[in-house]
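In case you want the letters, here they are:
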Amino acid sequence: MPEFGKIVVFGTGLIGGSFALALKEAEAVEEVVGFGRTPSTLRVAQELGVIDRAGINPIHEIGDADIVLVATPVAQMPEIFERIAPYLGPNTIVTDGGSTKGDVVAAARAAFGDKISQFVPAHPIAGAENSGPGAARWDLYRGKKVVVTPLPENNDDALDHVKRAWSRCGADIYELTPEMHDRVFAAVSHLPHLLSFALVHDLAVRDDADLFFTFAASGFRDFTRIAASHPEMWRDICLANREALLGELDSYRAQLDELRAALARADGERLEEIFGLARQARREWAGEA
């Protein structure tokens, strides 16, 4: 028998669709029911085997679900939490795939009330520039990190339920508090996306943009790859984690100011010192040292 009976997924694109496909590949789920904003998207998800069928009304699907994964942009999550809260069964565990946690936890507390123990926040650290059901892959989470940010109200069974589901997807499980999660990812994920979007936008709005893009090569491609990510999703992430992101942006601006000052005074020694430290840290992180 599969470990999980019914899984309900809100958002059947890259994150939610890959979760469903991974559990199917592992033969760990009996049925996947999908909810989405458009019937056409759900139809594609069903045709691709991402879901077994499309849900019509949460009242008919939530009560007997083992896990409900909300894998939409974070700004859509409060409304979904409110829709499903009245229908949670006693054994239904809700989790999410959002890239921010403070705002998601606050929305869950407001919606679920005394059922908050049934919500276990999580964030899969995997992704790609493409979106929609066609981007979903059964192996997306293989060897990738999933950060679970337990709440004080979560019991061991609820936490284990979510951890086991992500483990069956092939992921490595880590734990952080919601607050620490948002601090860390503001620095290592949200800020890099903001910078990548900013650089491409800066060139794109120039009168001679075509000239610059003509000569952009592999370094530019590597640095700006994530600027091809979903604008709506990253708008929501940046706004949701804006306090931590503003702090990281200020820190980065200070770093840019230091580099500018070194350039202005032709201080090659300082530039090389900064570049050398950054190079070593990057090589150690990438296992190249």
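Scoring rules and cut-offs
Residues numbered from 1 in each chain as written. Predicted model: local features only at pLDDT ≥ 70, side-chain atom pairs only at ≥ 80, totals over all residues. Heavy atoms only, no water. Axes fitted to C-alpha atoms, helices over the stretch in contact; angles between N-to-C directions. Helix = DSSP H or I, 4+ residues; strand = E, 2+ residues; numbered from the N terminus. Left-handed = near helix turned anticlockwise from the far one by under 90°. Contact = heavy atoms within 4.5 Å. Nonpolar A, V, L, I, M, F, W, Y, C, P; charged D, E, K, R; others polar. Buried < 20%, exposed > 50% of the residue type's maximum accessible area, 1.4 Å probe, protein only. Pairing = 2+ DSSP bridges. Expected span 1.5 Å × (residues − 1). Bend = angle between axes of the 7 residues up to and from the residue. Patch = residues over 30% accessible without salt bridge, like charges linked within 9 Å, V, L, I, M, F, W, Y side chains within 5 Å. Areas by Shrake-Rupley, 256 points an atom, 1.4 Å probe, with all protein chains shown as cover. Salt bridge = Lys/Arg side-chain N within 4 Å of Asp/Glu carboxyl O.

Student: Explanation requested: the packing of helix H7 (residues 178–204) against helix H11 (residues 242–264) in the structure shown.
Tutor: The relative placement of two packed helices is expressed as an angle between their axes plus a distance between the axes. Close contact between H7 and H11 brings their axes to 9 Å; oriented N to C, the two are set at 65°. H7 and H11 meet at a crossing whose hand is right-handed. Residue-level inspection shows Asp182, Arg183, Ala186, Ala187, His190, Leu191, Leu194 and Leu195 of H7 in contact with H11, the latter providing Ala244, Leu245, Glu248, Leu249 and Tyr252. Among the residues making up the contact of H7 with H11, the classes are represented as nine nonpolar, one polar and three charged.

Student: Honestly, unusual backbone geometry in this entry has me stumped. Any pointers?
Tutor: Where the residue is not glycine, phi is negative for most of them; where a peptide bond is considered, it is trans in most cases. Phi at Glu27 is positive, roughly 55°, even though this residue is not glycine. Position of Glu27 relative to the elements: it lies in the loop between helix H1 (14–25) and strand S2 (29–35). According to the relative accessible area criterion, Glu27 is exposed, its value standing at 63%. Of note, Ala266 is a non-glycine position whose phi angle comes to about 55°, a positive value. By the element assignment, Ala266 lies in the loop between H11 and helix H12 (268–285).

Student: Can you walk me through the sheet that holds strand S3 (residues 53–54) in this structure?
Tutor: Across a sheet, paired strands are connected by hydrogen bonds in the backbone, their directions being either parallel or antiparallel. Pairing is parallel in the open sheet, where six strands are placed in the order S3-S2-S1-S4-S5-S6. Looking along the sheet, the strands with just one partner apiece sit at the ends: S3 and strand S6 (119–120). Strand direction decides the pairing type here: S2 and S3, joined by two bridges, are parallel. Its bridge partner lying in S3, Gly34 is registered against Ala54. In the packing of helix H4 (residues 77–84) onto the sheet, contacts are made with strand S1 (4–10), S2, strand S4 (67–70), strand S5 (93–96) and S6, and the angle to S4 comes to roughly 155°.

Student: Honestly, H7 in this entry has me stumped. Any pointers?
Tutor: Residues lying three or four places apart along an α-helix face the same way, a consequence of the helix completing one turn every 3.6 residues. Helix length check: H7, at 27 residues, gives a terminal C-alpha distance of 36 Å against a target of 39 Å (1.5 Å per residue), a fit within 8%. For H7, the principal kink sits at Ala186 and spans about 55°. For H7, the set of buried residues is Pro178, His181, Asp182, Phe185, Ala186, Ser189, His190, Leu191, His193, Leu195, Ser196 and Leu203.

Student: How should I be thinking about a nonpolar patch on the surface in this particular structure?
Tutor: Judged by side-chain polarity, Met180, Val184 and Val188 come together as a nonpolar surface patch covering roughly 230 Å² of accessible area. Along the polypeptide, Val188 turns up in helix H7. What makes Val188 exposed here is its relative accessible area of 56%.

So, to be careful, I would describe these as geometric facts and stop short of saying anything about function.
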